[in-house]
Amino acid sequence: MTGKLDALLLRATVRIGPDSAPDTLWGSGFFVAPGWVLTCAHVLRPAGEPEKVGPLRVRGHNGLDARARLAYRLGGGTDPEQDLALVRVAGGGDHACVRLTDRHDAPLAVTAHGWRTPAGGAPQRWTGQTDCNGRDGAHGLTLAPQVEIPHGASGGPLLDVRRGVVVGVVKARRKEKDGGLAVAVTALRGFRAAVPVGAESGLGDDPYAALIRAHDTWHRQVEGPLSWVKAQDEAGRADGHPWGPRDSAEACALLAALPPPDLPAQLQGLIDEVLGEEMLWDDETAPQDWRDGHGRLHDRPESADIVALHYLRVVARMHAERVPDAASALEKWVEQRAARLSDAVRALLTGVAKQAPALRGAAACPAPAAAAAAAPVNSAASVNSAAPMGTVATAGAARDEGPVVAVELEPDLFRPHDRFHWRIWTWTGGPETVRAVDEDTDGEGASLAELPYLLNEPLTRAFGRLDSDRRARLEIALPVEQFGVDAHLWRPSPVVRSLRPHPAERPFGVHRQVVLRCLKRRGEPSRVWRDRWHALAAGVPQALPVASDAYAAAAFHDAPPGAVPVLCRPPAETTAALAQAIGEGFGVILWSLRAEHAHGCGSACGELHGKASELLGSAHRTTALPEQVRVLRERVSQADADADWAEHLALFYDDPGRPIPLCDDLLESP
């Protein structure tokens with residue numbers, strides 16, 4: 001590390017203690033943005049819980065001596081990701097801010113910085129050199145035994161020596177072991193849900209976004225001796241790399257002016273698109289914001305600048321209408337930076353797109369219809385043969401149905417009626433955004449009764465990635481013989497933990513759309529299926545009452561294009577009719593899961609057919625049906641007698657625009 005970076009770390013690192021005893025050292029911290037010091041939460045606990053900690057005193061370089069207070073903390077607990085806090089400093093003066101990495105991978109050689117109190121002496125600065133030799137959980141970095149973390153150094157910065165950026169927060173020495181532990185910068189994303197202390201509101205509803213944007217903006221604007229980026233350049237931190245520290249800092253500052261992504265899954269799909277390959281995301285460290293996405297791209301050995309500029313250009317085009325000034329500034333910067341490339345590559349990167357791109361994800365196993373659209377024609381890997389940057393295919397961009405989580409249930413090869421293997425797919429847009437996110441690893445499979453328990457955790461993860469103000473739809477793809485499953489009654493947690501369960505613990509069918517799909521329709525949609533779906537989309541759906549299997553064939557044959565079969569008998573009694581309707585290409589079907597027919601059809605059947613006809617007639621478009629059925633289920637849960645007819649209503653909704661992919665590695669037992 002060079003003298004200038006040494007000096008900047010010295011200016012940015014502070015010691016923290018109680019305001020009533022300024023010479024008492026509780027721990028260390030460091031400025032990450034003007035007026036904001038990051039430290040470990042446990043540093044502020046000598047006097048009790050963080051909320052009870054009174055005024056603080058922050059001291060540092062060049063006579064820095066300022067009052068401060070705890071502003072935000074993460075939740076309690078001993079895990080590294082829980083042990084962070086933000087301190088707000090009043091009148092910090094002329095201080096430096098460290099530059100935080102935007103990467104996710106662990107560093108190699110590192111230096112730890114902080115303060116310590118020698119026996120009987122005044123607090124003094126401390127530095128230790130070591131290696132990062134492992135991980136502890138999602139955000140913990142273990143430090144090799146070349147260093148022993150002294151008391152008081154907790155909360156100080158951990159610097160990546162090779163790249164010249166801060167990658168973590170020093171946490172503690174490891175009990176009965178050499179070395180120590182640090183909290184990776186990726187844990188800062190937890191501040192999206194940080195707990196404000198007292199009446200603190202300085203970082204708004206999303207403290208992480210506000211903090212990191214203030215950090216990136218400061219590093220682009222600061223000049224002179226406090227410029228961390230300048231010190232990196234002078235220290236040769238770029239090492240001939242095509243994407244240097246100043247490129248990274250300026251790009252992050254321009255991204256900071258944009259609103260955050262609507263969904264992390266959309267950002268992850270965009271990264272897949274830019275790279276031309278499917279990334280394997282860890283739930284805890286997956287990118288959440290544009291800056292995080294940039295950190296996943298710029299460390300390519302030869303084409304880092306091409307990859308990063310491609311990504312930035314696409315992000316700019318996406319925001320051209322929403323925030324035109326910020327998007328224009330980012331695009332102009334991309335054009336200026338692209339001037340350093342060869343003419344041929346620059347022409348591809350700065351080509352004018354005909355329309356703004358849509359976010360899309362690379363398919364893990366794309367359907368044949370989506371294979372061409374999902375090909376990475378805009379990836380950095382094909383930049384020498386691609387269309388101009390920013391022309392990401394817009395298939396599915398006009399869809400208004402929101403994200404989807406689909407559970408594919410494949411019967412076990414040897415026990416097809418009793419045991420099933422599962423795979424979970426997600427869509428954020430059209431067919432090209434399909435991605436397999438989880439699957440069964442038990443060769444024995446599971447019964448239908450066990451599935452709500454086994455799927456609880458993977459579904460929670462999938463919904464967590466896709467849910468925003470619009471909850472993702474749950475689709476269950478299984479054989480027609482199992483269409484009696486009451487998936488709409490599954491719960492996020494199958495075991496209710498209270499007599500007054502939280503609204504989020506209500507059955508899925510009450511708070512999110514739940515529909516069924518046919519397992520045999522994997523892969524390329526048939527022509528008759530597409531034709532019937534397009535006919536439905538072109539007009540108002542019309543009910544086609546089907547009283548029994550005996551009348552099904554004639555009813556389906558003579559059905560108008562926009563017809564929706566309504567079956568009053570449960571699947572166990574009308575499996576043949578359901579299978580025939582699917583074979584005839586119907587993409588939407590309604591039926592009762594509980595109807596009694598000991599003496600044939602009765603008044604309940606007539607009510608079902610009549611009410612279903614009213615429901616379909618009120619649907620101005622097919623895509624409204626899943627939400628209309630969900631609303632009915634919610635009304636039933638609220639004891640609305642007018643909705644009782646729909647208590648056992650099931651909806652088959654099989655969109656050929658997002659077919660279940662047909663993979664070679666189908667789910668089956670060994």
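In what follows, the accompanying structure is described. Bear in mind that the values here come from a model prediction, so they are computed numbers and not experimental data.

Cut-offs used in this document
Residues numbered from 1 in each chain as written. Predicted model: local features only at pLDDT ≥ 70, side-chain atom pairs only at ≥ 80, totals over all residues. Heavy atoms only, no water. Salt bridge = Lys/Arg side-chain N within 4 Å of Asp/Glu carboxyl O. Helix = DSSP H or I, 4+ residues; strand = E, 2+ residues; numbered from the N terminus. Buried < 20%, exposed > 50% of the residue type's maximum accessible area, 1.4 Å probe, protein only. Pairing = 2+ DSSP bridges. Axes fitted to C-alpha atoms, helices over the stretch in contact; angles between N-to-C directions. Parallel < 35°, antiparallel > 145°, perpendicular 65-115°, else oblique. Left-handed = near helix turned anticlockwise from the far one by under 90°. Contact = heavy atoms within 4.5 Å. Nonpolar A, V, L, I, M, F, W, Y, C, P; charged D, E, K, R; others polar. Phe/Tyr/Trp six-rings, centres within 6.5 Å; stacked < 30°, edge-to-face > 60°. Lys NZ or Arg CZ within 6 Å of the ring centre and 35° of its normal. Expected span 1.5 Å × (residues − 1). Core = buried A, V, L, I, M, F, W, Y, C linked by side-chain atoms within 4.5 Å.

One pass over the full model with this rule turns up 41 salt bridges. Residue Arg630 pairs with Glu634 through a salt bridge whose shortest N-O separation is 3.2 Å. Remark: Glu634 and Arg630 occur in helix H18 (residues 625–637); sequence separation between them is four residues, near one turn of the helix. Through salt bridges with shared partners, a single network forms among Asp19, Asp23, Arg57, Arg59, Asp65 and Arg67.

A positive phi angle, close to 65°, is found at Ala639, a residue other than glycine. Its location among the elements puts Ala639 in the loop between H18 and strand S22 (649–653). On the accessibility criterion, Ala639 (66% relative accessible area) is exposed.

Strand order around the closed barrel formed by six strands is S7-S8-S9-S12-S11-S10, with antiparallel pairing between neighbours. Pairs of neighbouring strands in the sheet enclose a mean axial angle of 40°, with direction left out of account. Relative to strand S12 (residues 180–184), strand S11 (residues 165–173) runs antiparallel, the two sharing five bridges. Bridge assignment links Ala172 to a residue of S12, and that residue is Leu181.

Bringing the packing of helix H4 (residues 245–256) against helix H8 (residues 324–338) into the picture now. One way to put it is that H4 packs onto H8 with a least axis distance of 9 Å and a crossing angle of 160°. The orientation of H4 relative to H8 falls into the category roughly antiparallel. For the pair H4 and H8, the sense of crossing is left-handed. Only Ala329, Leu330, Trp333 and Arg337 of H8 make contact with H4, whose side of the interface consists of Asp247, Glu250, Ala251, Leu254 and Leu255.

Moving on: the packing of helix H17 (residues 603–618) against H18. The packing of two helices is summarised by the inter-axis angle and the distance between the axes. Running from amino to carboxyl end, H17 crosses H18 at an angle of 130°, the nearest separation of the two axes being 10 Å. The angle between H17 and H18 falls in the class oblique. Seen along the crossing, H17 lies across H18 with a hand that is right-handed. Each of Leu615, Leu616 and Ser618 in H17 lies in contact with H18, whose residues at this interface are Leu625, Gln628, Val629 and Leu632. In terms of residue class, the contact of H17 with H18 is made up of five nonpolar, two polar and no charged.

Counted residue by residue, strand S18 (residues 514–518) has five buried out of five residues, so it is predominantly covered. With burial as the criterion, each face of S18 is covered, one bearing Val514, Leu516 and Cys518 and the other bearing Val515 and Arg517. Summarising the sheet, strand S17 (residues 473–478) and S18 pair through five bridges and their orientation is parallel. Paired with Ala477 across the bridge in S18 is Arg517.

Turning our attention to the packing of aromatic side chains. This structure, assessed with the given rule, holds seven aromatic pairs. Plain terms: the ring middles of Trp243 and Trp333 are 5.9 Å apart, the flat faces sit at 85° to each other, and that makes the pair edge-to-face. Here Trp243, found in the loop between helix H3 (228–234) and H4, pairs with Trp333, found in helix H8; they are 90 residues apart in sequence, far enough to count as distant. Given a relative accessible area of 5%, Trp243 falls into the buried group. It is Arg15 that lies over the ring of Trp115; its NZ or CZ is 5.3 Å from the centre. Residue placement shows Arg532 over the ring face of Phe586; its charged tip is 4.0 Å from the ring centre.

All right, on to H18 then. Taking 1.5 Å per residue as the helical rise, H18 with its 13 residues ought to reach 18 Å, and the 19 Å between its terminal C-alpha atoms agrees with that figure. Listed in full, the buried residues belonging to H18 are Leu625, Pro626, Gln628, Val629, Arg630, Leu632, Arg633 and Val636. Following H18 by one or two positions, Ala639 has its phi on the positive side, about 65°.

It is worth spelling out the nonpolar core at this point. Side chains of a nonpolar character, in soluble globular proteins, are inclined to be buried together. Counting residues in hydrophobic clusters, the biggest one holds 56 residues, and the most contacted among them are Leu44 and Phe191. For this core, the leading source of residues is strand S5 (residues 65–73), giving five residues. Setting aside chain neighbours within four positions, we find Leu44 in contact with Ile16, Trp26, Thr39, Val53, Leu56, Leu70, Ala85 and Val87.

The end-to-end C-alpha separation of helix H2 (residues 207–221) is 21 Å, in line with the 21 Å expected for 15 residues at 1.5 Å each. Restricting attention to buried positions, one finds in H2 the residues Pro207, Tyr208, Ala209, Leu211, Ile212, Arg213, His215, Asp216, Trp218 and His219.

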